[in-house]
Amino acid sequence: MLDEFMEGFASAREVNLMRIKEAKDNGLKVVGIYCTYCPQELILAAGAIPVGLCGMSENPIAIAEETLPRNLCPLVKSSYGFAVSDTCPFFHFSDLIIGETTCDGKKKMFEIMRDLKPVHVMQLPHLSNTKASFDLWVEEIRCLRSRLEQELQVTISDQDIWAAAEMINKEKKAIKAMFDLNRVDPPPLSGMDMLTAAWSRSFSSNKVEMVDNLNGLVREAANQPKNGRTKASRVLLTGCPVGLGTEKVIRLTEELGANIVAMENCSGYKTLELQTDIQGTDPIVELAKTYMAIPCSCMSPNPYRMELLNSMLDDFRADAVIDLTWQACHTYNIEAFEVGKLVKSKGLPYLHLESDYSNSDLESLKVRIEAMLEMVEK
Amino acid sequence: MADYKQMWTDLGMDLEKHDVLCEVLPEAFGGIYLTQQDRPKGMDFYDFVVSEIHGVRPAEMLQHQKEGGKVFGTFCVYVPDEVVFAAGGIAAGLCGGSQFWVSGGEKVLPANTCSLIKASVGARLDKTCPFFLIPDMYVGENTCDGKKKAWEILAGEVPIHIIDIPQMKRERDIAAYEAEIRDFIATVEKVTGNKITAESLGAAIKLINNKRRALQRVYNARKASPVPISGLDALLVTQINFYDDPARAAQMANNLAEELEQRIENGLGVFPDKAVRIMVSGTPMAIPNWKLHHIIESLGAAVVVEESCTGTRYFENLVDESASTLEEQIRALAERYMKTNCACFTPNSARVEDIIRLADEYKVDGIIDTNLQFCNLYSTESHLVKQSMNERNLPFMHIETDYSEQDFEQLRTRVEAFLEILRK
């Protein structure tokens, strides 16, 4: 039954917390990361455990606002708040933090986080389509490799990196296969199911096990033609990262009887088509190609996101799109202008929501989502 | 304002909407500037420029285009004007500084984008400013998120060359910026049809350096006590320097500096000797954004220095004029521009050092660090500035505002309270 697998993913955070604590006790290292642009392959190749630290709770925001401006995005504030209040065990166990200059808020927050832990910031290029940007990013990944070697007292061989790249390729394939289950109607997985499974990736200290669980889920779903769920409006979610703790838009949409069938966000489909070519000659160059292709709105221009959205709208036969921007996120907010044009050109209703981690706007969000769902022709 | 209606019509401007601006601006300028006492004679030129703001300089640009010349609109102090002038072009800083244009920008940009970006985009889309319609090309850059994404929207409107600004200042980042200057040279050569040589770039470097020297002279005069020129007037000089002819701008600033140096000798100030001396730091104040200076100075305190793009970050540090080959000149340009300490860099501790140095040089009593609302860079960095100021017990205050008048009274009360502490 699918539920067994779901329980496995739902408990991933606690299970892996215990494992990481144990691993720390016998000398293993933990590296905290905040973004899909961080090449996890290098951390795995260094024999360390990558852990996603993106803050997905409103609780630590108040303490973060004693230092950070209020009108900074909730994800940055929540992440910093967990760090400064030392209330996130994963941050606590991290031996090194890796950040990137993705957006203004994060770039400047990491300068302040340096007081708490060693932080290595990678300079992510602005432009997605120039040789200079690509060369810069290759250099940044090389620089990360030597920082990891120095910080964790290891040597990272090319062989280690190729093996890690293969592992991450497999993981992406498995997560993509899980998301692709929802191409059928009715979709076997609810939005919450998808999010729970995908989100557990950021805690998994054992990638092989993660891939097996996902493949098991896909096999189980495949030999269950009738998944007993009901047909309903099929909504695609895009925009800023959404994780367990900040899933209010998914929950509201599904309480209103619609199905969130796909998530383009970085916690969802965004990176899953991007496989690293492990037959290349230089693993760092191959990794750079994969990561430079990630269609995040912090890149300019960002055509691949529109292409990805366009194919997802068809593949998942979406009836409508919700584009969620966390308050004060400039890049996704401004790029929503482009997404809106694309979705409307396909004749689908498009709802752009700006919100934060609080529950103060649940009712107004609900009303707006409901109004949009009514526009979906039955 | 002389009659430029024909010029504006030919540019395709929305005359009806533009008339509304033409009514508002003189009143604002009059109320803020012309009510000041003992203003230096040298300010007459700048008053004239404001009175003809959409007339004289745009007409010169159009004349330049008639003679085959090209005009480039820029939006950032990291764009090397020297390259444009070396190719016989005109570079003009276009940042929008008025609430009048903000709603135009909000047609395509989210409301919580900073006013400067919204006003700049709005001035273009609403067709109510000749400076935005004349350029043959805009020069954009990706210093911040808002600008980086706004150019993608404007790209459909006007040809844009994007200068890719690094976010760190390691050796390879300076080299990367050097490569960007070479790309920019190639674009400018293509658009103007003129080759840039060591000779023409050398002349352009001197041209812009002279402007920097003249502005530094005006600012040096503000180190004196009593201060011989108001912060409002000094700000206006810098704002106009962004788009005026560089040679004329240097000459006019030198005239003004001469007069100020004379005033210092005679002990003539525009504020009493014991007036509180304030440094304003943070995000740029594009013309006609005079709001914070007006608030501070109407409360009897003098703004004596701006650590801002419309201040020291615009003119400090000269380009090394001894560079003789094109390669050396490009390197010298890269090194000079990379000494500018904008919050888009990480880390940016050099900016804090600038503030500490300037606070000493200009003998300031307090620092008002300000950022335009929704600027995540300067608002977040303000915490680090505050930390350093507290360590040196330099009185510090942070203000977040925009171009509207709504928070005027609230800001006045806050600044008044801050000044009272300083007056003790």
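Our subject is the structure that appears above.
Now for a description of the structure that goes with this document.

1. Overview of the overall build of chain B
Now for step 1: A tally of regular secondary structure across chain B gives 19 helices and eight strands.
Now for step 2: Its C-alpha atoms give chain B principal-axis dimensions of about 60 × 50 × 45 Å.
Now for step 3: Within the span of chain B, comprising 424 residues, buried residues form 54% of the whole.
Now for step 4: By sequence separation, contacts in chain B at least 24 residues apart represent 74% of the contacts at least 6 residues apart.

2. Here's the deal with the environment of Gly42 of chain B
All names here are of chain B.
Now for step 1: Take Gly42: it is sitting in the loop between helix 2 (15-34) and helix 3 (44-51).
Now for step 2: A sequence separation of 211 residues divides Gly42 from Ala253, and the C-alpha atoms of the two residues are 8.0 Å apart.
Now for step 3: In contact with Gly42, other than residues within four places in its own chain, are Asn255, Leu256 and Glu259.

3. Notes on the sheet that holds strand 2 (residues 49-52) of chain A
Residue and element names in this part refer to chain A.
Now for step 1: Overall, parallel pairing links the four strands, which are arranged 2-1-3-4 in an open sheet. Each end of this open sheet is capped by a strand with a single partner; those strands are strand 2 and strand 4 (119-122). Averaged over neighbouring strand pairs, the angle between their axes works out to 25° when direction is ignored.
Now for step 2: Where strand 1 (residues 30-33) and strand 3 (residues 96-100) come together, three bridges link them in parallel fashion.

4. Let's talk about the environment of Pro349 of chain A
Residue and element names in this part refer to chain A.
Now for step 1: Topologically, Pro349 is positioned in the loop between helix 15 (330-345) and strand 8 (350-355).
Now for step 2: Take Pro349: there are 19 C-beta atoms within 10 Å of it, and that puts it in the partly exposed class.
Now for step 3: The contact partners of Pro349, leaving out residues within four places of it in the chain, are Ala320, Met372, Met375 and Val376.

5. Digging into the packing of helix 9 (residues 158-180) of chain A against helix 11 (residues 207-222) of chain A
All names here are of chain A.
Now for step 1: It is the contact of helix 9 with helix 11, at a shortest axis distance of 9 Å, that shows an interaxial angle of 25°. As far as their axial angle goes, helix 11 and helix 9 are roughly parallel. With respect to the hand of their crossing, helix 9 and helix 11 are arranged in left-handed fashion. Contacts between helix 9 and helix 11 involve Met167, Lys170, Glu171, Ala174, Ile175, Ala177 and Met178 from the former and Lys207, Met210, Val211, Leu214, Asn215, Leu217 and Val218 from the latter.

6. Focus on the nonpolar core
Soluble globular proteins tend to pack their nonpolar side chains together in the buried interior.
Now for step 1: Ranked by internal contacts, the top residues of the largest apolar core, which has 252 residues, are Leu236 and Leu237 of chain A together with Val218, Ala253, Ile278 and Met279 of chain B.
Now for step 2: With nine residues, the top contributor of residues to this core is helix 11 (residues 198-221) of chain B.
Now for step 3: Each residue touching Val218 of chain B, except ones within four places of it in the same chain, is listed here: Ala234, Val237, Ala253, Leu256, Ala257 and Leu260 of chain B.

7. Some remarks on the sheet that holds strand 3 (residues 137-141) of chain B
Residue and element names in this part refer to chain B.
Now for step 1: Ordered by their spatial adjacency, four strands build an open sheet running 2-1-3-4, and the pairing between neighbours is parallel. The open sheet has two edge strands with one neighbour each: strand 2 (90-93) and strand 4 (160-163). Strand-to-strand twist in this sheet, taken as the mean axis angle between neighbours without regard to direction, amounts to 25°.
Now for step 2: In the sheet, strand 3 pairs with strand 4 via four bridges, with the strands oriented parallel. Considered in strand 4, the bridge of Val139 is made with His161.

Conventions and cut-offs
Residues numbered from 1 in each chain as written. Chains lettered and ligands numbered in written order. Predicted model: local features only at pLDDT ≥ 70, side-chain atom pairs only at ≥ 80, totals over all residues. Helix = DSSP H or I, 4+ residues; strand = E, 2+ residues; numbered from the N terminus. Buried ≥ 20, exposed ≤ 12 C-beta atoms within 10 Å, placed from the backbone. Contact = placed C-beta atoms within 7 Å. Pairing = 2+ DSSP bridges. Axes fitted to C-alpha atoms, helices over the stretch in contact; angles between N-to-C directions. Parallel < 35°, antiparallel > 145°, perpendicular 65-115°, else oblique. Left-handed = near helix turned anticlockwise from the far one by under 90°. Core = buried A, V, L, I, M, F, W, Y, C linked by C-beta atoms within 7 Å.

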